[in-house]
Amino acid sequence: MASTDEQHLTTPVPELHGDGIRLRLWEPDSDADVAAWLRGVTDPEFQRWNTPLKPVTDLDSARESLRRKGREAVEGTSVTYCVVDATSGAVLGSVGLQAVEPVLSVARVGYWVLPEARGRRIAARALNLASRWALTELGLHRLELGHAIGHEASCRVAERCGYRYEGTLRGAMFEAGQRDAFRDVHLHGRLATDPEPS
């Protein structure tokens, strides 16, 4: 897709396949998807490193959160993929492009993995797949990844996926579970012109 003022996410957003996983949109009408989303964003490890702007605390708020994600995909401002096992279809986690800015040709990426899927490089596989699509088919020039300082697992995923460390953003993220205290963030970036990670 050309980088122009009219650029937006492809509608409908395509499914992506590769490396033993499939990326599909979350389904707010699926009880299984809603339950998996709720488990993911209420997991203690997720909450240790993330403070969502709109809290998700039960099945109703999880379903509304997924509906909002669906609307954002239609509007072209973000896309949030459900990461599933290519064979079994089991939900493994989530990966997404947020704050898509077509004029500057940039977006932010984020991901999480369910506890039972950790240790299998699911985050790296999903991020690579989503990044390749964003930088080629979608035609973005730059992807940014930020994580709280101290989140070494996320730092390793970023580096493994070709996101170079670019510096520290002071006070750029909420402290865990707080909206009146801030912590520093490591910023990583990947450009369409960067070499494909091995």
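My aim in this report is to walk through the structure given alongside it, one point at a time. (Residues numbered from 1 in each chain as written. Predicted model: local features only at pLDDT ≥ 70, side-chain atom pairs only at ≥ 80, totals over all residues. Heavy atoms only, no water.)

## As for the overall build of the chain
Argument step 1. In terms of helices and strands, the chain carries five helices and eight strands.
Argument step 2. For 198 residues, the compact-globule formula gives about 16 Å, and the C-alpha radius of gyration of the chain, at 16 Å, lands near that figure.
Argument step 3. Oriented by its inertia axes, the alpha-carbon framework of the chain measures out at about 40 × 35 × 30 Å.
Argument step 4. Taking contacts inside the chain between residues at least 6 apart in sequence as the whole, the part at least 24 apart equals 62%.
Argument step 5. Entry remark: accessible area of the chain is about 10,100 Å², with carbon and sulfur atoms responsible for 52%.
Argument step 6. For the chain, the distance from the average position of its 24 positive side-chain charges to the average position of its 28 negative side-chain charges is 4 Å. (Helix = DSSP H or I, 4+ residues; strand = E, 2+ residues; numbered from the N terminus. Rg over C-alpha atoms; globule rule 2.2 N^0.38 Å. Contact = heavy atoms within 4.5 Å. Areas by Shrake-Rupley, 256 points an atom, 1.4 Å probe, with all protein chains shown as cover. Lys, Arg positive; Asp, Glu negative; His and termini not counted. Charge placed at Lys NZ, Arg CZ, Asp CG, Glu CD.)

## Topic: the nonpolar core
Argument step 1. Leu23, Val95, Leu97, Leu127, Trp133 and Leu143 are the most contacted members of the largest nonpolar core, which totals 35 residues.
Argument step 2. A per-element tally of this core places helix H4 (residues 122-135) first, with ten residues.
Argument step 3. When near neighbours in sequence (up to four residues on either side) are disregarded, Leu97 contacts Ser78, Val79, Ala107, Arg108, Val109, Trp133, Ala134, Leu138 and Leu143.
Argument step 4. Among the nonpolar cores identified, the runner-up in size contains 15 residues, and Ala36, Phe46, Leu66 and Val84 belong to it. (Core = buried A, V, L, I, M, F, W, Y, C linked by side-chain atoms within 4.5 Å. Buried < 20%, exposed > 50% of the residue type's maximum accessible area, 1.4 Å probe, protein only.)

## Concerning the side chain of Asn128
Argument step 1. You can see Asn128 is positioned in helix H4.
Argument step 2. Once you skip the residues sitting within four places of it in the chain, Asn128 turns out to touch Cys161, Arg190 and Pro197.

## Regarding the pairing of strand E5 (residues 106-113)
Each regular strand shows side chains that alternate between the opposite faces of the sheet.
Argument step 1. Of all eight residues in E5, six are buried, a share of seventy percent or more.
Argument step 2. The pairing of strand E4 (residues 91-101) with E5 spans seven bridges and is classified as antiparallel. For Glu101, the partnering residue across the bridge sits in E5 and is Val106.
Argument step 3. Counting the residues that bridge the hairpin from E4 to E5 gives four residues, and of these Ser105 lies at a positive phi of roughly 60°. (Pairing = 2+ DSSP bridges.)

## A short note on the pattern of salt bridges
A side chain of one charge can pair with a side chain of the opposite charge if their charged atoms are brought near each other.
Argument step 1. Considering all chains together, one arrives at 14 salt bridges under this definition.
Argument step 2. Where Arg48 meets Glu45, a salt bridge forms, and the shortest distance between an N and an O atom there is 3.7 Å. Highlighted residues: Arg48 and Glu45, both in helix H2 (residues 44-49), separated by three residues, approximately one helical turn.
Argument step 3. Classification of Arg48 by relative accessible area gives partly exposed; the value is 48%.
Argument step 4. Of the residues examined, Glu45 reaches a relative accessible area of 33% and is grouped as partly exposed.
Argument step 5. We note a salt bridge from Glu166 to Arg142, for which the minimum N-O separation is 2.5 Å. Remark: Arg142 occurs in strand E6 (residues 142-148) and Glu166 occurs in strand E7 (residues 164-174); sequence separation between them is 24 residues.
Argument step 6. Relative accessible area serves as the criterion here: at 40%, Glu166 is assigned to the partly exposed category. (Salt bridge = Lys/Arg side-chain N within 4 Å of Asp/Glu carboxyl O.)

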